[in-house]
Amino acid sequence: MKLIYLFLLIFIFVYGTFGQKPYINNIALKTWPVLANPQISNNGEYVLYEINNKPAGSKTLVIQSTCSNWKKEFIGANSGIFTGDNKLVVFKIIDTLFYLRLGSDSLTYSLNVSSYKLALSNDGEWLAYQLNNLNKGLIVRSLTTDKEQHFPYVTDYNFENNGKTLLLKTESRRDSVLECSFQWVSLSQGTINTIWSDSSMSQDKVVKINRFRFDGEGDQLVFIVQVTKMNKLENSIWYYKVGMDKAVMKVNDGSPGIDEGLSIENSFSYFSKDGQWIYFQLKHSIDTMSPKRTSLVDVWNYKDIELQSTQLNRTGAKTIRAAISTKGDKVIRLEKENESVLAFSSVGGYVLINDKASDFNSSRNSNEDRSFYLLSLHDGSIKLVIKNNNATYFSFSPSDKYLIYYDKRKKCYLSYEIRTGKTYNFSQSISCRIYNEYTEGETYPVGIGGWLALDSALLVYDEYDIWQVDPKASKSPINITNGYGRSHQLKLVLVGEPGVGKKIIKNNEPLLLTAFNPITMDNGFLRKVIGEKGNPEILCMGSYTIYIDKTIQTPTFSSNGLTMRPRKARDSNIWIVIRESANESPNYFCTKDFKTYTPLTNLQPQKEYNWLTTELVKWKQLDGTISYGILYKPEDFDLHKKYPIIFNYYEQSSFDLNAFLEPGFTNNEINIPWFVSRGYLVFRPDFHFSISKISNKTNGENAYNSVLSAVQYFSKKPWVDIKKMGLNGHSFGGGITNYLICHTGLFAAAVESAGMSDMVSASLSLDGPLNRPNQSRLLGSILAQGRMGVDLWQRRDLYIRNSPIFYANKVTTALLMMHNKMDPAVPWSQAVELYLALRYLGKKVWMLQYDSGDHGVYEEDAEDYTIRLTQFFDHYLKGAAARKWMTQGIPAKLKGIETGYDLDPSGNCGKDCKVCKMWNEKYRKDSVATMREVKEMEGKW
């Protein structure tokens, strides 16, 4: 009995000492494995994917069966491609091309390969791969017959989309002269036709042939040829169609329709869907032979449509879109100087143009309603379609019968019938709100799901359900989801919807829907057969994230981009999905019915560390309204301990409840897993903003309403150390942080990055980095995230009330700022203003400025920033000794040499810092013991 008791004591000691999971550290972040690039074979029997950082610093390609235990792994391989016949997977490791026979151990290879591509057509399947040798040889192998063709001197190659043709770009030397050519290879017939060579360019020196594009059928080709003429670089557009002997020059700078002073831009040209039109871009020519310039002066004129800064900031001349018929020779200019093309018709032949393509933030008058015109390429006619309207969300119906758009003021969809010129309000009979509930002021629609029977009807989303509507408004809307979404608090969106005007839905077609519950945050799939009455069928719903479509318009859903649209095998009803939750890493699953799921991967790196749990918190705000937020707690949370808490925010984030937050260095706002793993609580409250003009409440006051009430809520929790609270926000959230510390002294420390401090000067500043200022920010303060609803001179009190700079003397919270000179979103001067004010007032403030940073920081800078903000919070919220960069600073002459990371128990971050006083007292009494304690703390880091 004594022996058993002794064994239990030993077990408890060992488990208690060594059984605790480590927190996430620098090494964990640099070796964290992540899934990527999944593919499924045509028959659905095999999948492949990559695991990045397995092993650390490399990646592993995994190919496995969906219906057996067969599985292969290859370190250092690229993502690979399945052959269309489901027999092989082709992948490359360094310069070796491998061919793995699926379901077997058979592995063959080709050496010295630089690149490869696959093509599948009705006539067979071809593999092209280029050898890394002097001849730049390309080998094209038929995977059906195993026959090969060899082509020398290939510098570029590409299959057209349908796999019928291979286009080769070749360069070879003959008598020390470099010859370039394009070769059109018909794969099924085995014929080769040289459709272009530089020998056709007379005396012009060819510099480059590039930007080649096929049409949708693969029968036409357009490409750019660059030549030098009289020391000038000129571009021309060339065209080829099957049946022609050679490609012909379609457009050059002297073509009819190209105005003097314009030239062809070296950018991609492309065909309309019907293949009848070629769209391309023009630019203003720069005359290098112009007379000598006078004084270099920027003249800012209040009548300028665009600010001088906007004009000067362009990297090149403004491009102008143009078109030409494949059967004609006259160029049609699509936009004038102050116009812009908003949409091309689905089939081809029509272009929607906006008449005010100016800097809309440059002046008060630039916020006037705009007019929109429809240009017909067929006859050159221009029709006024929408006059003085704040329209948006334009699209053409699949056969170009209608132009669809959304009126932000009327909050409805309208259709313009191109043939008759009539306009119909086809959404007015929808009884529910069809615009996004998370926007204030200007409204934006939830979205359009697709079309039925080629222009006869279309599907429109409200906040929860899907409606079938008639674009001519002659039939009443039909709620095809039977109101199930709204009655069950489910936001429903079609899965696989590739875009407005492209998805044609057939009657009796089963539709797969994704569903999201904004109350419970559950996610899943439903099925609905178009044309059948009744409710959709629930396939699965759960406390996880499996697919949330961007159409749902969640405010700030941030699952690291890992939510993936379900991928279906081409020839079978087998799908792969990715599923995650707050404490389950994203993994791939296979399903046939979206009810049962077979796991394909089980990557769970978070289980090796002290991870996090999430809790949805509901509380009453200061104004009596209800809000939600997410509380992140350490996996080893102990109700009997007190924890420091950091409030982190942007706008609304409770939709992230079931999202897996990948750990990483802090690029902007804090990385939540990093801090929670280290024993912090993090709370992300939802902010509910209003238009200041209407509510008489500013952004800052709305945030105060949320955060201070959340503080009251958590002050009643015995496990929250109310004296150790911190704030953190980035960009818009950074501005909120600045506001909060100027209006309350409840927080011990705050870290803000790239935030505003002075709404007056910010609204009268220019966007863009310090050395490349761009357009005015004024209307952004009125209409966008500023949400003022009025300008500075109409309600200066609102602007001042929302500007922390005017209340800097009230600050008692220690503040760490991070803002970079090259920030293109928020002027660096905003940080300088607040820093200088707080420094003058004797407040504790530090500012980090990274030379390589912009609106955030990356790589080594992100690691440095993570270290410093962690040290900052550890000092004020955990009682750690201050670091030298806080107590002593880093002289400019030691920039990039000294980090100042070292603990400084004898230093002082500020005269009134109780933490520093405690360490100072320890150090005075016993410097040896104190330094030993410091070393132990350093070891934990």
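Please read these numbers as outputs of a predicted model, since none were measured by experiment.

What counts and how
- Residues numbered from 1 in each chain as written.
- Predicted model: local features only at pLDDT ≥ 70, side-chain atom pairs only at ≥ 80, totals over all residues.
- Heavy atoms only, no water.
- Helix = DSSP H or I, 4+ residues; strand = E, 2+ residues; numbered from the N terminus.
- Buried < 20%, exposed > 50% of the residue type's maximum accessible area, 1.4 Å probe, protein only.
- Contact = heavy atoms within 4.5 Å.
- Areas by Shrake-Rupley, 256 points an atom, 1.4 Å probe, with all protein chains shown as cover.
- Expected span 1.5 Å × (residues − 1).
- Pairing = 2+ DSSP bridges.
- Phe/Tyr/Trp six-rings, centres within 6.5 Å; stacked < 30°, edge-to-face > 60°.
- Lys NZ or Arg CZ within 6 Å of the ring centre and 35° of its normal.
- Axes fitted to C-alpha atoms, helices over the stretch in contact; angles between N-to-C directions.
- Core = buried A, V, L, I, M, F, W, Y, C linked by side-chain atoms within 4.5 Å.
- Polar contact = N/O pair within 3.5 Å; in protein donor to acceptor, adjacent residues only side chain to side chain.
- pLDDT = per-residue confidence, 0-100.
- Disulfide = S-S within 2.5 Å.
- Salt bridge = Lys/Arg side-chain N within 4 Å of Asp/Glu carboxyl O.
- Parallel < 35°, antiparallel > 145°, perpendicular 65-115°, else oblique.
- Nonpolar A, V, L, I, M, F, W, Y, C, P; charged D, E, K, R; others polar.

Colleague: Which parts of the structure should I look at to understand the overall build of the protein?
Modeller: The helix and strand tally for the protein stands at 16 helices and 54 strands. Here the protein holds 941 residues, and the buried ones make up 53% of them. Long-range contacts, defined as pairs at least 24 residues apart, comprise 53% of the intrachain contacts of the protein with a sequence gap of at least 6. Here the protein displays about 43,700 Å² of accessible surface, and carbon together with sulfur accounts for 50% of that area.

Colleague: Would you mind going over helix α13 (residues 859–878) with me for this structure?
Modeller: One turn of the α-helix equals 3.6 residues, which is why residues spaced by three or four share an orientation. Taking 1.5 Å as the rise per residue, α13 with 20 residues should run 28 Å; its terminal C-alpha atoms sit 27 Å apart, in good agreement. The element α13 is extensively covered by neighbouring structure, given that 17 of its 20 residues are classed as buried.

Colleague: Can you help me understand the environment of Trp919 in this one?
Modeller: Mapped onto the elements, Trp919 comes out in helix α15 (residues 914–925). C-alpha of Trp919 to C-alpha of Gly907: the two residues are twelve residues apart in sequence and 8.5 Å apart in space.

Colleague: Sorry if this is basic, but what is going on with the sheet that holds strand β31 (residues 402–407) here?
Modeller: Each strand in a sheet pairs with its neighbour through backbone hydrogen bonds, running either in the same direction (parallel) or in the opposite one (antiparallel). In space, the four strands of this open sheet follow the order β30-β31-β32-β33, with antiparallel pairing throughout. Strands at the two margins of the open sheet, each flanked by one partner only, are β30 (391–396) and β33 (423–424). Both β31 and strand β32 (residues 412–417) contribute to a ladder of six bridges, which runs antiparallel. Within β32, the residue paired with Leu403 across the bridge is Tyr416.

Colleague: Please clarify how the packing of aromatic side chains should be interpreted in this entry.
Modeller: All told, the structure shown has 45 aromatic pairs when counted by the stated rule. Ring centres of Phe647 and Phe683 lie 6.0 Å apart, and the angle between their planes is 85 degrees; this geometry places the pair in the edge-to-face category. With a gap of 36 residues between them, Phe647 in strand β49 (residues 643–649) and Phe683 in strand β50 (residues 681–685) connect regions that are remote in the sequence. Classification of Phe683 by relative accessible area gives buried; the value is 0%. Members of the aromatic cluster, joined through ring pairs, are Trp619, Phe647, Phe683, Tyr713, Phe714 and Phe747. Over the face of the ring belonging to Trp674 we find Arg678, whose NZ or CZ atom lies 4.0 Å from the ring centre.

Colleague: Is there a simple way to think about the pairing of strand β38 (residues 491–494) in this case?
Modeller: Each regular strand carries side chains that alternate between the two faces of the sheet. Of the two faces of β38, the one holding Lys491 and Val493 and the one holding Leu492 and Leu494 are both buried throughout. Pairing of β38 with strand β40 (residues 510–516) involves four bridges; the strand directions are antiparallel. Its bridge partner lying in β40, Lys491 is registered against Phe516.

Colleague: Before we go on, may I ask you to explain the sheet that holds β38 in this structure?
Modeller: The four strands lie next to each other as β38-β40-β41-β42, forming an open sheet whose pairing is antiparallel. In this open sheet, the two strands that pair with only one neighbour each are β38 and β42 (537–542). In this sheet, adjacent strand axes meet at a mean angle of 25 degrees when their direction is disregarded. Across five bridges, strand β41 (residues 523–529) lies against β42 in antiparallel orientation. Bridged to Gly524 within β42 is Met541.

Colleague: Got a minute to help me understand the nonpolar core in this structure?
Modeller: Across soluble globular proteins, nonpolar side chains have a tendency to be buried as a group. Residues Leu459, Phe675, Trp846, Phe872, Phe873 and Tyr876 are the most contacted members of the largest nonpolar core, which totals 73 residues. Ranked by residues supplied to this core, first place goes to α13 with seven residues. If near-sequence neighbours (up to four positions away) are discounted, Phe872 is found in contact with Ala749, Ala750, Val751, Ala814, Leu815, Leu816, Trp846, Trp885 and Met886. The next biggest cluster of nonpolar side chains, apart from the first, holds 39 residues, and it includes Ile645, Phe683, Phe689 and Ala750.

Colleague: Would you take a moment to explain the side chain of Asn86 for this structure?
Modeller: As for its placement among the helices and strands, Asn86 is situated in the loop between β5 (81–82) and β6 (88–93). Polar side-chain contacts of Asn86 include one of 3.1 Å to the backbone nitrogen of Asn42.

Colleague: Explanation requested: the confidence of the model for the protein in the structure shown.
Modeller: Detailed reading of the predicted coordinates is not advisable wherever pLDDT falls low. Scored by pLDDT, the protein comes out at a mean of 87, with 90% of its residues at no less than 70. Within the model, the stretch residues 1–18 combines pLDDT values under 50 with two contacts to residues more than four positions away or in other chains. Of the regions scoring below 50 in pLDDT, residues 358–362 engages in 21 contacts with residues more than four places distant in sequence or in other chains.

Colleague: Help me understand the state of the cysteines, please; the structure alone is not making it clear to me.
Modeller: Simply put, the disulfide is a covalent bond whose two ends are the sulfur atoms of two cysteines. Counted under the stated rule, the structure contains zero disulfides. Unpaired in this structure, Cys909 has its nearest cysteine sulfur neighbour in Cys913, at a distance of 3.4 Å.

Colleague: Honestly, the pattern of salt bridges in this entry has me stumped. Any pointers?
Modeller: Pairing is possible between side chains of opposite charge, provided their charged atoms come close. Inspection of the entire model under this criterion finds 31 salt bridges. Between Lys72 and Asp105 there is a salt bridge; the shortest N-O distance is 2.4 Å. Note that Lys72 is positioned in strand β4 (residues 71–75) and Asp105 in the loop between β7 (96–101) and β8 (107–110), a separation of 33 residues in sequence. For Asp105, a relative accessible area of 63% translates into the label exposed.

Colleague: How should the packing of helix α7 (residues 699–714) against helix α8 (residues 732–741) be read in this particular structure?
Modeller: A pair of packed helices is characterised by two quantities: the angle between their axes and the separation of those axes. The geometry of α7 relative to α8 is characterised by a closest axis approach of 10 Å and an angle of 75 degrees between their N-to-C directions. One way to sum up the angle between α7 and α8 is to call them roughly perpendicular. From α7, Asn699, Gly700, Glu701, Ala703, Tyr704, Val707 and Leu708 reach across to α8, where they touch Phe732, Ile736, Tyr739 and Leu740. Looking at the contact of α7 with α8 residue by residue, the classes come out as eight nonpolar, two polar and one charged.

Colleague: Quick question: what am I supposed to make of the side chain of Asp549 here?
Modeller: Residue position: Asp549 is located in the loop between β42 and β43 (567–568). Engagement of the side chain of Asp549 in a polar contact is seen with the side chain of Tyr547, the distance being 2.7 Å. Aside from chain neighbours lying at most four places away, what touches Asp549 is Val493, Leu494, Thr514 and Arg565.

Colleague: Whenever I open this one, the environment of Thr165 confuses me. Can you help?
Modeller: Relative to the assigned elements, Thr165 resides in strand β14 (residues 165–174). When the C-alpha positions of Thr165 and Gly218 are compared, they lie 7.3 Å apart, and in sequence the two are 53 residues distant.

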